[in-house]
Amino acid sequence: MQPDYSRQVLLKEIGAAGQAILARARVLIVGLGGLGSPVMQYLAGAGVGFLGLVDADALDASNLHRQPIYALSDVGKPKAELARVAIARINPAVQVELHPARFDAANALALVERYDVILDCSDNFRTKYLVNDAAVLARKPAVFASVYQYEGQLQVYKPDVKHACLRCLWPDAIGDGVVGNCAEAGVLGPVPGTFGTLQALLTLKILLQMGGQLENELLLLDFMNFSSMKIKAPRRAECRAPACAHIREIAPEDAGIEIALDSLAAAAAQGFEVIDIRSAEEVAAQSAAARHIPMQELLANPGLLVGRPTLLVCATGRRSLAAAQMLRRQGHAVRSLIGGLQNLEH
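Residues numbered from 1 in each chain as written. Predicted model: local features only at pLDDT ≥ 70, side-chain atom pairs only at ≥ 80, totals over all residues. Heavy atoms only, no water.

Describing the overall build of the protein
- Looking only at helices and strands, the protein has 13 helices and 13 strands in total.
- The principal-axis extents of the C-alpha atoms in the protein amount to approximately 65 × 50 × 40 Å.
- Carbon and sulfur atoms form 55% of the exposed surface of the protein, whose accessible area is close to 16,100 Å².
- Taking the 33 positively charged and 34 negatively charged side chains of the protein as two groups, their mean positions are separated by 6 Å. (Helix = DSSP H or I, 4+ residues; strand = E, 2+ residues; numbered from the N terminus. Areas by Shrake-Rupley, 256 points an atom, 1.4 Å probe, with all protein chains shown as cover. Lys, Arg positive; Asp, Glu negative; His and termini not counted. Charge placed at Lys NZ, Arg CZ, Asp CG, Glu CD.)

Structure below.
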């Protein structure tokens, strides 16, 4: 059976010509979780011809309430491969290119340059700013969404005078752990699902050159009380489109900052002092054989470090990486556990 786009082709803004545009389009989706799941479903259903999928994670059972494109029987399998199978079920005409790797400074620009529109569906600030910087340098449109519990925001970057990038609004990247992500702060599944659906809608509007693409504004939605707000978000005066006064290159990442280990005992055997930077509530729910210093306390008082090599750990490895980056800039010998405590042998 062939895909049937007849209902959307009826729209005067689309028609046969618009459907042909979608069939030729190339879209990169960075993150295949709560935001990326509805994005890839709706873009595949709409007939976007080529989807690039970036995600290095395996499916966890805790993902399913907000990522229902996957199944309980899929737990432990790579999300990228599961997403390919799901897209083929929705629309076998869509070509899929898998990038089952971490989106990082080494591959960001090369990936972004190959696509027409980039979607940031990640759940951490490191990746969001990396997507932003690569999109600006490659002069590619990008659609961003961020979710915190019951609320979130949407932003569109385009290389023109009507669209600001993340650094126009927040010049310095926000450290992960300052604001909790879905895994750490909690979320109801339909919240990222709604924001991902809106990302898909904005992407289709960009590809079809339709109006209403959040020009010079952020869209804020709070589903606790169903309030919405648009706030002005203009380009900085010194940023002359399509160039950016603040982004010159993708800065290389500190290759030695992260380490992969099977257990905390292995870290101790290598001479590390292990510090658990999770909150007191997280530690109470699941303890670890490590010294406990909450992230904010450690960053406020780095003198708590004893002077020997230190390994920072958290639930997923994101907060520990952000904390390690901040502390290393101050000259401290700290590293972060890749994947966090969730990846250790039990």
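Re the packing of aromatic side chains
- Per the stated rule, a full pass over the model turns up 3 aromatic pairs.
- Centre to centre, the rings of F195 and F223 are 5.7 Å apart; their planes meet at 75°, and the pair counts as edge-to-face. One end of the pair, F195, is in helix α9 (residues 190–207); the other, F223, is in the loop between β7 (217–222) and β8 (227–232), and 28 residues separate them in sequence.
- The class for F223 is partly exposed, based on a relative accessible area of 22%.
- Each ring, one from F223 and one from F226, has its centre 5.8 Å from the other, and the planes form 75°; the classification is edge-to-face.
- Each residue in the set F195, F223 and F226 is aromatic and connected to the rest through ring pairs, giving one cluster.
- When the ring centre of F50 is taken as origin, the NZ or CZ atom of R26, which lies over that ring, is 4.0 Å away.
- When the ring centre of Y115 is taken as reference, the NZ or CZ atom of R26 above it lies at 4.9 Å. (Phe/Tyr/Trp six-rings, centres within 6.5 Å; stacked < 30°, edge-to-face > 60°. Buried < 20%, exposed > 50% of the residue type's maximum accessible area, 1.4 Å probe, protein only. Lys NZ or Arg CZ within 6 Å of the ring centre and 35° of its normal.)

Focus on the packing of helix α3 (residues 36–46) against helix α4 (residues 79–90)
- Axis separation between α3 and α4 bottoms out at 9 Å; the angle between their running directions is 35°. Of the two elements, α3 crosses α4, and the hand of that crossing is right-handed. Where α3 approaches α4, its residues M40, Q41, A44 and G45 are matched on the opposing element by A83, I87 and I90.
- For the contact of α3 with α4, the residue count by class is 5 nonpolar, 2 polar and no charged. (Axes fitted to C-alpha atoms, helices over the stretch in contact; angles between N-to-C directions. Left-handed = near helix turned anticlockwise from the far one by under 90°. Contact = heavy atoms within 4.5 Å. Nonpolar A, V, L, I, M, F, W, Y, C, P; charged D, E, K, R; others polar.)

As for the packing of α3 against α9
- Direction vectors running N to C along α3 and α9 enclose 35°, while the axes themselves pass 8 Å from each other. Where α3 crosses over α9, the handedness of that crossing is right-handed. Together, P38, V39, Y42, L43 and A46 of α3 and P192, G193, G196, T197, Q199, A200, T203 and L204 of α9 make up the contact between the two elements.
- For the contact of α3 with α9, the per-class residue count stands at 8 nonpolar, 5 polar and no charged.

Concerning helix α13 (residues 318–329)
- Taking 1.5 Å of rise per residue, the 12 residues of α13 would be expected to cover 16 Å, and the 17 Å separating its terminal C-alpha atoms lies within 8% of that figure.
- All buried positions along α13 are accounted for by R319, S320, L321, A322, A323, A324 and L327.
- Two residues or fewer past α13, G331 is found with a positive phi of approximately 95°. (Expected span 1.5 Å × (residues − 1).)

Remarks on the sheet that holds strand β9 (residues 258–259)
- Pairing is parallel across the open sheet formed by 5 strands, whose spatial order is β9-β13-β12-β10-β11. Either end of the sheet is taken by a strand with one partner, and the two such strands are β9 and β11 (291–292).
- Of the strand pairs in this sheet, strand β10 (residues 273–276) and strand β12 (residues 310–313) are connected by 4 bridges, and their pairing is parallel. Opposite V274, over in β12, you have L311 as the bridge partner. (Pairing = 2+ DSSP bridges.)

Digging into the side chain of E273
- Along the polypeptide, E273 turns up in strand β10.
- Accessibility expressed as a relative area gives 9% for E273, which makes it buried.
- Those residues within four positions of E273 in sequence are excluded, and the remaining contacts are R291, V306, R308, P309, T310 and L311.

Focus: a nonpolar patch on the surface
- Where nonpolar side chains cluster on the molecular surface, the patch consists of Y150, L188 and M224 and spans about 310 Å² of accessible area.
- Relative to the helices and strands, L188 resides in the loop between α8 (182–185) and α9.
- What makes L188 partly exposed here is its relative accessible area of 48%. (Patch = residues over 30% accessible without salt bridge, like charges linked within 9 Å, V, L, I, M, F, W, Y side chains within 5 Å. Salt bridge = Lys/Arg side-chain N within 4 Å of Asp/Glu carboxyl O.)

What to know about the sheet that holds strand β5 (residues 142–148)
- Ordered in space as β3-β2-β1-β4-β5-β6-β7-β8, the 8 strands form an open sheet in which the pairing is mixed. Looking at the sheet topology across the chains shown, the edges are occupied by β3 (95–99) and β8. Sheet twist, expressed as the mean angle between neighbouring strand axes with direction ignored, is 15°.
- Relative to β8, β7 runs antiparallel, the two sharing 6 bridges. Residue L221 lies in a different strand from β8, and its bridge partner there is S228.
- Where α3 meets the sheet, it contacts β1 (26–30), β2 (50–54) and β4 (117–120), and its direction lies at approximately 165° from that of β1.

Regarding the pattern of salt bridges
- Under the definition given, this model contains 13 salt bridges.
- Residues D57 and R318 are paired through a salt bridge, measuring 3.8 Å at the closest nitrogen-oxygen approach. Pair noted here: D57 is in the loop between β2 and α4 and R318 is in helix α13, with a separation of 261 residues, a long-range link.
- With relative accessibility at 22%, the residue R318 sits in the partly exposed group.
- Note that R102 is salt-bridged to E258, the shortest N-O span being 3.5 Å. Placement of the pair is R102 in the loop between β3 and α5 (108–112) and E258 in strand β9, with a sequence separation of 156 residues.
- By relative accessible area, which is 31% here, R102 ends up partly exposed.

Just geometry here; none of it tells us what the structure is for.
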